[in-house]
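In case you want the letters, here they are:
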Amino acid sequence: MPVTAQITRFAPSPTGALHLGNARTALFSWLAARASGGRFVLRVEDTDAGRSQDALLERQLDELRWLGITWDEGPGVGGPHGPYRQSERSAVYAEALTKLEANAHTYPCFCSPEELQLSRKTQLAAGRPPRYARTCAGLSQAEVQRRIDSGKAPAIRFRVPDHRTVEFVDRVHGPQRFQSDDIGDFVIRRADGSVSFFLGNAVDDSAMGITLVLRGDDHLANTPRQLLLLEALGMPLPEYGHLPLVLAPSGTPLSKREGAASLTDLRAQGFLPGAICNYLVRLGHACGHDGWLAMDQLASHFDLGRTSHSAARFDDAQLRHWQREAVTHSTAAQIEQWLGAHLEALPVGKERSEFVAVVKGNVLFPAEVDELVAVVANDSVSVSAEAAAQITEAGPEFFASAGRLHGASAGDFKAWTRAIAEATGRKGAKLFMPLRSALTGATHGPELAPLVGLMGTARVLCRLERAQALAGK
Ligand code: GLU
């Protein structure tokens, strides 16, 4: 069956940091577009002037680009449906409001927050689900004018049609049915003149030609309202798919302690973008491929139909697994860049590249390389308790022989360790564990031969002497 090219979008509000949940929504939207040969739009929902900040927006956009999620239309790119910031689209909303008003789909509402609160309480006390009581729905033109003249600014409500069944097929959850009588007339323009989420979001999706809206489950109840609005405006309806939430491992909402780290935090910790994307494409989505996928391979393994209907749980072990894969699949140049300032003690060039090649398999996060840099670049290294035990067990004569034989092997590690084996009668772990412990201060780490090469003779001899002294105590 030919796939229909989908126009999808991500519509962040620049009021906070992006978390894994938002990043997954962005990634799935991007993948749905890429997998169908469609387009991906980025729209900024910054109508909440009090909470939206340019610095937060810049950071969100930077983090999306860092993840490799690039947009075909949106900020910095342009496109035929701009502007792409809602704060610059008031003319579009004004036109929609005029149209709705002209067709009697709206009415001004003067109810104060206190009155609305009281009405809610009364309905709840009577065991009814609270919805707007249509207090202002029947005000005469003259009454409306009188209130405006007395200085009251009204909000504008959408008149929800009575006795309607709103049906749509959610692309994740399947068929949905809502009764319009359960939906209260909702505010589409606030008393301060700003448009509500319902209006701005629905009108923009339609006006921007979005064919598939993917967003969190928390928006599912908004969809029937938005469909009614678009219908009243005579605008094209997108399809909607609501992605189940991402929960903490314990099943509770994500918290700072459990999985709610922002992308900013994850990036600062040294997570690689490919690790995050490989993890997210499998979070609540049966991607059908167990192995590493490069960014340009993700789309061919994405199928919205294989998205789970229930909440996904964050799993730190899985994220770390993909981090290991991401490191393995990075080029030497990428790893050098990733380790950045942690490599400062090593001269740029051959020595640094060799070191990166040797330690690549042993670091999951940049900070972990510090000890290994110390092994090849510092005069002394700290010795772990396990390493000290190995040194003691081998005894001082072992290290004395190793030191004596080093010169004769002229930097040939194999020849050197063969000579030590002959001289001391030790082989296998009995030989390599104490040697590694003396030279690196640890009982495990990257392959020893190239590490020894990078250390240089003076350091090797100095550490063997120190081990000899330690073993002789
Ligand atoms: N700005 C909204 C949010 O961040 C977008 C919701 C949507 O995707 O429709 O929740």
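Residues numbered from 1 in each chain as written. Predicted model: local features only at pLDDT ≥ 70, side-chain atom pairs only at ≥ 80, totals over all residues. Heavy atoms only, no water.

## With respect to the overall build of the chain
Argument step 1. Looking only at helices and strands, one finds 20 helices and 11 strands in the chain.
Argument step 2. Taken against the 2.2 N^0.38 rule, which gives 23 Å for 473 residues, the C-alpha radius of gyration of the chain at 32 Å runs more than 25% over that of a compact globule.
Argument step 3. For the chain, the residues scored as buried account for 46% of the 473 residues in total.
Argument step 4. Put simply, 73% of the contacts in the chain that link residues at least 6 apart link residues at least 24 apart.
Argument step 5. Distance from the positive charge centre (50 side chains) to the negative charge centre (52 side chains) of the chain: 3 Å. (Helix = DSSP H or I, 4+ residues; strand = E, 2+ residues; numbered from the N terminus. Rg over C-alpha atoms; globule rule 2.2 N^0.38 Å. Buried < 20%, exposed > 50% of the residue type's maximum accessible area, 1.4 Å probe, protein only. Contact = heavy atoms within 4.5 Å. Lys, Arg positive; Asp, Glu negative; His and termini not counted. Charge placed at Lys NZ, Arg CZ, Asp CG, Glu CD.)

## Quick notes on the pattern of salt bridges
Argument step 1. Applying the stated criterion across every chain, the model contains 23 salt bridges.
Argument step 2. For Glu143, the salt bridge is made with Arg147, and the minimal N-O distance between the two is 2.8 Å. On the criterion of helical spacing, the pair formed by Glu143 and Arg147 is a turn pair, its members being 4 residues apart in helix H5 (residues 141-149).
Argument step 3. Taken together, the shared-partner salt bridges connect Arg9, Arg43, Glu45, Arg89, Asp204 and Asp205 into one network. (Salt bridge = Lys/Arg side-chain N within 4 Å of Asp/Glu carboxyl O.)

## Some words on the side chain of Gln226
Argument step 1. For Gln226, the position within the fold is in helix H7 (residues 222-233).
Argument step 2. Assessed through its relative accessible area of 0%, Gln226 is described here as buried.
Argument step 3. Other than its neighbours up to four places away in sequence, Gln226 contacts Phe197, Phe198, Asn201, Ala202, Arg215 and Tyr240.

## Here's the deal with the site of the ligand
Argument step 1. Within the structure, the ligand sits among Arg9, Ala11, Ser13, Glu45, Phe197, Asn201, Arg215 and His219.
Argument step 2. Relative to its unbound accessible surface of 300 Å², the ligand loses 77% to contact with the protein.
Argument step 3. Grouping the constituent residues of the shell around the ligand by class yields 2 nonpolar, 3 polar and 3 charged. (Near = heavy atom within 4 Å. Areas by Shrake-Rupley, 256 points an atom, 1.4 Å probe, with all protein chains shown as cover. Nonpolar A, V, L, I, M, F, W, Y, C, P; charged D, E, K, R; others polar.)

## Looking at the nonpolar core
Soluble globular proteins tend to bury their nonpolar side chains together.
Argument step 1. Counting residues in each nonpolar core, the largest one holds 91 residues, and the members touching the most others are Leu27, Ile276, Phe355, Phe399, Trp416 and Leu464.
Argument step 2. Here this core gets 9 residues from one element, more than from any other, and that element is helix H1 (residues 20-35).
Argument step 3. Residues contacting Leu464, with those up to four places away along its chain left out, are Phe399, Ala402, Gly403, Trp416, Leu435, Ala438 and Leu439.
Argument step 4. Ranked by size, the runner-up nonpolar core spans 31 residues in total, among them Tyr93, Val203, Leu227 and Leu229. (Core = buried A, V, L, I, M, F, W, Y, C linked by side-chain atoms within 4.5 Å.)

## Brief notes about the packing of helix H18 (residues 429-440) against helix H19 (residues 448-455)
Argument step 1. Between H18 and H19, the shortest axis-to-axis distance is 11 Å and the interhelical angle comes to 35 degrees. As H18 packs across H19, the resulting crossing turns out to be left-handed. For the pair formed by H18 and H19, the contact residues are Arg436, Leu439 and Thr440 on the first element and Leu448, Leu451, Val452 and Met455 on the second. (Axes fitted to C-alpha atoms, helices over the stretch in contact; angles between N-to-C directions. Left-handed = near helix turned anticlockwise from the far one by under 90°.)

## A closer look at unusual backbone geometry
Trans peptide bonds make up the majority, and among non-glycine residues the majority have a negative phi.
Argument step 1. A cis amide bond links Gly82 with the next residue in sequence, Pro83, at an omega value of -5 degrees.
Argument step 2. Non-glycine residue Ala104 carries a positive phi angle of around 60 degrees.
Argument step 3. Here Ala104 is to be found in the loop between helix H3 (90-102) and strand S3 (106-109).
Argument step 4. A relative accessible area of 49% places Ala104 in the partly exposed class.
Argument step 5. With a phi close to 60 degrees, Arg134 is a non-glycine residue in the positive phi region.

## Focus on the packing of aromatic side chains
Argument step 1. All chains considered together, the criterion is met by 10 aromatic pairs.
Argument step 2. Consider the rings of Phe158 and Phe186, whose centres lie 5.4 Å apart with planes at 40 degrees: the pair is tilted. Here Phe158, found in strand S4 (residues 155-158), pairs with Phe186, found in strand S7 (residues 186-189); they are 28 residues apart in sequence, far enough to count as distant.
Argument step 3. By relative accessible area, which is 5% here, Phe186 ends up buried.
Argument step 4. Ring pairing ties together the aromatic residues Phe158, Phe186, Phe197 and Phe198, which thus form one cluster.
Argument step 5. The residue whose ring lies beneath Arg157 is Tyr132, and the NZ or CZ to ring-centre distance is 3.6 Å.
Argument step 6. The ring of Phe398 has Arg426 sitting right over it, with the charged end atom 5.7 Å from the ring centre. (Phe/Tyr/Trp six-rings, centres within 6.5 Å; stacked < 30°, edge-to-face > 60°. Lys NZ or Arg CZ within 6 Å of the ring centre and 35° of its normal.)

## Observations concerning H3
Argument step 1. Its 13 residues place the ends of H3 18 Å apart at the C-alpha level, agreeing with the 18 Å of an ideal helix rising 1.5 Å per residue.
Argument step 2. At the exit of H3 stands Ala104, carrying a positive phi of roughly 60 degrees. (Expected span 1.5 Å × (residues − 1).)

## Comments concerning H18
Argument step 1. With 12 residues, H18 extends 15 Å between its outermost C-alpha atoms, agreeing within 8% with the 16 Å of an ideal straight helix rising 1.5 Å per residue.
Argument step 2. The inward-facing, buried residues of H18 abut helix H14 (370-377), helix H15 (385-394), helix H16 (396-406), helix H17 (413-424), H19 and helix H20 (457-472).
Argument step 3. Just downstream of H18, Gly441 is the residue with a positive phi angle, here 80 degrees.

## What about the state of the cysteines?
Argument step 1. In the structure shown here, the tally under the stated rule is 0 disulfides.
Argument step 2. A disulfide-free cysteine, Cys277 has its sulfur positioned 12 Å from the sulfur of Cys287, the nearest such atom.
Argument step 3. Residue Cys287 is classed as buried on the basis of its relative accessible area of 4%. (Disulfide = S-S within 2.5 Å.)

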